[in-house]
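The residues making up each chain are set out below.
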Amino acid sequence: MLAKHVYRGKKRYISGGSDKDRVDYAMIEIAILIYDDAQQAAVLGMTDLLVAADRAARAMPGHDGSPVLVISHWASAGKEGELTRVHSSESCRTTPSICILPPALGGPRDDANPAVTRWLQERHADGAVLTSICSGAFVLGATGLFDSRTVTTHWTYEDRFRAQFPRARIDTDRIVIDDGDIITAGGVMAWTDLCLTIIQRFVGDAVMMEIAGSFLIDPPGREQSYYSGFRPHTGHKDDAISKAQDFLHETDGKIVEVATLAAKAGLEDRTFLRRFQKATGHTTTEYWQRLRVANAKTKLRETGLTADQVGWEVGYTDPSAFRKVFNRIVGLSPSDYRRRFSSGKGTTA
């Protein structure tokens, strides 16, 4: 059965059964924006996946066969660069209910197209859900809608994103963050995760699972932390904290006493702790834990050490503490991480 949602547009009904068993919904237009440098592979891949979801939804028992999802492409046209619908999977006169910004081939853009920004703001004001993938977050962020929001982008863009959108809360451990009217996804290929999230939320679990199975892709639930390394924030201007960061990296996060770190920075302990978190976005404990876990991930992939031996190598004397911290930060146990990502030299542990 299709999930029950209320949208703008003409309402239709699942046929069959009593009135109380019927689910009302409206045809949903999903607009994919083709802006400058938008990755065409993502545009076409999302189109294929979402069209398949529409066909699966139409084939659900009791459905009347009418369109559930209409997938359209929008691009700038004319002297003013206003966005117009240049492709549609079905005849459509609605206003988009969901707008997707694909990743850009050249990475994040510093200049926002005013016409695109204005169009997105207008769609959001109309009630549309706005979404982005990878560097598309920089295009969506130009709308000002990220202020005080928790969002994600590719983990390698974290420093640049913080500098450009200081009022946003960035979490690059996650692949998809669904914040209601704003959904962001990190990573060029995260369009698969975003589309499955959209299908699950707006069409239902049954259709989402059918599409995931047909395309052989994981259902929503993966995390960016499975794949990312630790790229600490270094774009700050606090030279004292930079000295402490350098020391932490030189020692692989094995010397972590606050007094030692504060001395390296030339600061009193309390002042050091406050400035360290402000500059890096992490407490000192979070910082050295992530540094150790990043080193552990490399050893799990590339060596034959057991998980306990890896924990010892990166600075943990208590194997259970290592496993707990690793699982919290990565989202997988050390053994599960090795099974997924080992280069072939590892052992089971």
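Definitions and cut-offs
- Residues numbered from 1 in each chain as written.
- Predicted model: local features only at pLDDT ≥ 70, side-chain atom pairs only at ≥ 80, totals over all residues.
- Heavy atoms only, no water.
- Helix = DSSP H or I, 4+ residues; strand = E, 2+ residues; numbered from the N terminus.
- Buried < 20%, exposed > 50% of the residue type's maximum accessible area, 1.4 Å probe, protein only.
- Contact = heavy atoms within 4.5 Å.
- Areas by Shrake-Rupley, 256 points an atom, 1.4 Å probe, with all protein chains shown as cover.
- Pairing = 2+ DSSP bridges.
- Axes fitted to C-alpha atoms, helices over the stretch in contact; angles between N-to-C directions.
- Parallel < 35°, antiparallel > 145°, perpendicular 65-115°, else oblique.
- Nonpolar A, V, L, I, M, F, W, Y, C, P; charged D, E, K, R; others polar.
- Salt bridge = Lys/Arg side-chain N within 4 Å of Asp/Glu carboxyl O.
- Arc of directions from axis to C-beta.
- Phe/Tyr/Trp six-rings, centres within 6.5 Å; stacked < 30°, edge-to-face > 60°.

Helix and strand counts for the protein come out as 13 helices and 11 strands. Across the 349 residues in the protein, those meeting the buried criterion constitute 48%. Long-range contacts, defined here as pairs at least 24 residues apart, represent 61% of the contacts in the protein between residues at least 6 apart. Carbon and sulfur atoms make up 49% of the accessible area of the protein, which amounts to about 16,400 Å² in all.

To continue, consider the sheet that holds strand β11 (residues 182-185). With respect to topology, seven strands assemble into an open sheet ordered β5-β4-β3-β6-β7-β11-β10, the strand pairing being mixed. Both outer strands of the open sheet, β5 (82-88) and β10 (176-178), are each paired with one neighbouring strand and no more. This sheet shows a mean twist of 20° between the axes of neighbouring strands, independent of strand direction. Lying over the sheet, helix α1 (residues 40-58) contacts β3 (28-34), β4 (69-77), β6 (98-101) and β7 (129-133), oriented at roughly 155° with respect to β4.

A few words now on the packing of helix α10 (residues 284-302) against helix α12 (residues 319-330). To characterise two packed helices, one gives the angle between the axes of the helices and the distance between these axes. One way to put it is that α10 packs onto α12 with a least axis distance of 10 Å and a crossing angle of 95°. Taken together, α10 and α12 sit at an angle that is classed as roughly perpendicular. Each of Gln289, Arg290, Val293, Ala296, Lys297 and Leu300 in α10 lies in contact with α12, whose residues at this interface are Phe322, Val325, Phe326, Arg328, Ile329 and Val330. Its residues assigned to classes, the contact of α10 with α12 shows eight nonpolar, one polar and three charged.

What follows is about the environment of phenylalanine 326. For phenylalanine 326, the location among the structural elements is in helix α12. Since its relative accessible area comes to 0%, phenylalanine 326 is described here as buried. Along the backbone, phenylalanine 326 and alanine 296 are 30 residues apart, and their C-alpha atoms lie at a distance of 8.5 Å. When neighbours within four sequence positions are excluded, phenylalanine 326 is seen to be in contact with Val293, Ala296, Lys297, Leu300, Gly331, Leu332, Ser333, Pro334 and Tyr337.

With respect to the helices, strands and loops of the structure, glutamate 158 is situated in helix α4 (residues 158-164). Among the residues examined, glutamate 158 registers a relative accessible area of 14% and is labelled buried. Sequence-distant contacts of glutamate 158, defined by excluding residues within four places in its chain, comprise Ile170 and Thr172.

In the structure shown here, the tally under the stated rule is 17 salt bridges. Here arginine 201 ties to aspartate 178 by a salt bridge, and the two come within 2.8 Å at their closest N and O atoms. With a gap of 23 residues between them, arginine 201 in helix α5 (residues 191-202) and aspartate 178 in strand β10 connect regions that are remote in the sequence. The class of aspartate 178 is partly exposed, set by a relative accessible area of 36%. Counted as one network, the salt bridges with shared partners bring together Asp54, Arg58 and Glu90.

Residues of helix α11 (residues 307-314) that are buried: Ala307, Val310, Gly311 and Val314. Taken down its axis, α11 places every buried residue within 100° of arc, on the same side. Packed against the buried residues of α11 are α10, α12 and α13 (334-341). Trailing α11 by a residue or two, glycine 315 shows a phi angle of about 125°, which is positive.

Quick look at the packing of aromatic side chains now. Scanning all chains against the criterion turns up 16 aromatic pairs. Ring plane angle 80° and centroid distance 6.2 Å describe the contact between phenylalanine 146 and phenylalanine 165, whose orientation is recorded as edge-to-face. One end of the pair, phenylalanine 146, is in the loop between α3 (136-141) and β8 (150-151); the other, phenylalanine 165, is in the loop between α4 and β9 (169-170), with 19 residues separating them in the sequence. No difference in accessibility class separates phenylalanine 146 from phenylalanine 165, as the two residues are buried. Here the aromatic residues Tyr226, Tyr227, Tyr316, Phe322, Phe326, Tyr337 and Phe341 are joined through ring pairs into a cluster of three or more.

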